[in-house]
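Below, each chain spelled out in residue letters.
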Amino acid sequence: MTGRERILTTIKHQEPDRVPFDLGSTPVTGIHHIAYRKLRKALGLPQKEPTIWHMMQQLAWVDDDVHEALKTDTKGARPKAPSSWRLEFTEDAGYVYYTDEWGIIRRRQKEGGYYFDLYSSPLADAETIADVERFPFPDPVEDARFEGLRDFAEKVRNEGRAFVLGGISAGMLEMGLWLRGFENFFCDLRENRALAEAICDKILELKMRYWEKALSLLGDLVDVVQEGDDYGGQQGLLISPQIWREVFKPRLRQLFSHIKRCAPHVFIFFHSCGSIYEIIPDLIEVGVDILNPVQVAAANMDTKRLKREFGDCLTFWGGGVDTQKVLPRGTPEQVREEVKRRIEDLAPGGGFVFATVHNIQADVPPENILAMWEAVQEFGRYR
């Protein structure tokens, strides 16, 4: 089977020849550039300076030779930045800073900093819906965003891999937290609902406009569309189920219905970290086909239970190995046993794409990545 056939077969809840494997097709199944450098060396590949394709998370673009060495089944891409924005860095004694296209300022520690964290929120002082309406949101459909995407998607199709197309931004909750600041937006959801919903509606509008154009340009080459929002923490949801169902659920339904109208054949991949067990039935109801990252160390996210209760409706793209403890700090044998267990839980009947729980972080030793991959090859065979 080709990689694309393998991915589409498992999403349709049938068993392919082996469990499909993903590294780097999305910004939530990627690898930090520090770990990537070490992985290339461990694979015996030429050393090169990684291309950082996700600045905030410092993710490395996975090169073709790594895809070939690891027999990946999928590749992906995201829209480019608008032509009106340029990535520029400033620094002081302790930090490096940049401002993204949304006006959000992020910073990374010079010494020992792995990521660019939120530093300043451009709508922190907003008080009214008019303040939101006046804000200079980026253009989601500028032609520059789509340059080269069709050529890349055709390349992926010719390689026999599935193509995943990413969205214009993070989800409505995350964007609200970043644009307003965490404390402000959480309080807005309780005390200033109109302001919170105005931000959500603007993000929804931009997403819908983006997907309409993106899928009109290259929808015939897209197998999976990737969206997401982070609703869960380690022990439960970040907001009450009631607020989530009032604010976010209907807007997700509107977004996913719009995507399906634009391209009925695509599958919707939705990322949400943490313990989200309580709202998984709701996500299925609004149109999610694929759940990621399946954070197995969070409360109520046991893979055997998830497969039993939701495996007939959802494909699990992730959950292949715990990245909080096992992958960075376990032995290769512990990694191997973890992978074996997750495959046994999630793979029967299809509906499973192997990926780590979110991105491979900077502190993961290459021998553990290779132990993970070798275990997938050994235990991921259906026949």
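It should be emphasised that the depicted structure is a prediction, and the values quoted were computed from it without experimental measurement.

1. Observations regarding the side chain of Gln295
Inspection of the secondary structure assignment puts Gln295 in the loop between strand E11 (290–292) and helix H11 (303–310). Side chain to side chain, Gln295 and Gln324 meet in a polar contact 3.4 Å long.

2. Section: the packing of helix H13 (residues 332–346) against helix H14 (residues 366–379)
It is the contact of H13 with H14, at a shortest axis distance of 8 Å, that shows an interaxial angle of 35 degrees. In this structure, the crossing between H13 and H14 has a hand that is right-handed. Between H13, through Pro332, Val335, Arg336, Val339, Lys340 and Ile343, and H14, the contact on the second element is made entirely by Glu367, Asn368, Ala371, Met372, Ala375, Val376, Glu378 and Phe379.

3. Description of the packing of helix H2 (residues 33–42) against H14
Taken N-terminus to C-terminus, the directions of H2 and H14 make an angle of 65 degrees; their axes are 9 Å apart at the nearest point. Here H2 is positioned roughly perpendicular relative to H14, judged by the angle of their axes. The interaxial crossing formed by H2 with H14 has right-handed handedness. From H2, Lys38, Leu39 and Ala42 reach across to H14, where they touch Pro366, Ile369 and Leu370.

4. Notes on the nonpolar core
Residues Leu179, Phe248 and Phe354 are the most contacted members of the largest nonpolar core, which totals 111 residues. For this core, the leading source of residues is helix H8 (residues 193–218), giving 14 residues.

What counts as what
Residues numbered from 1 in each chain as written. Predicted model: local features only at pLDDT ≥ 70, side-chain atom pairs only at ≥ 80, totals over all residues. Heavy atoms only, no water. Helix = DSSP H or I, 4+ residues; strand = E, 2+ residues; numbered from the N terminus. Polar contact = N/O pair within 3.5 Å; in protein donor to acceptor, adjacent residues only side chain to side chain. Axes fitted to C-alpha atoms, helices over the stretch in contact; angles between N-to-C directions. Left-handed = near helix turned anticlockwise from the far one by under 90°. Contact = heavy atoms within 4.5 Å. Parallel < 35°, antiparallel > 145°, perpendicular 65-115°, else oblique. Core = buried A, V, L, I, M, F, W, Y, C linked by side-chain atoms within 4.5 Å. Buried < 20%, exposed > 50% of the residue type's maximum accessible area, 1.4 Å probe, protein only.

Without other data, these values stay purely geometric and don't point to any function.
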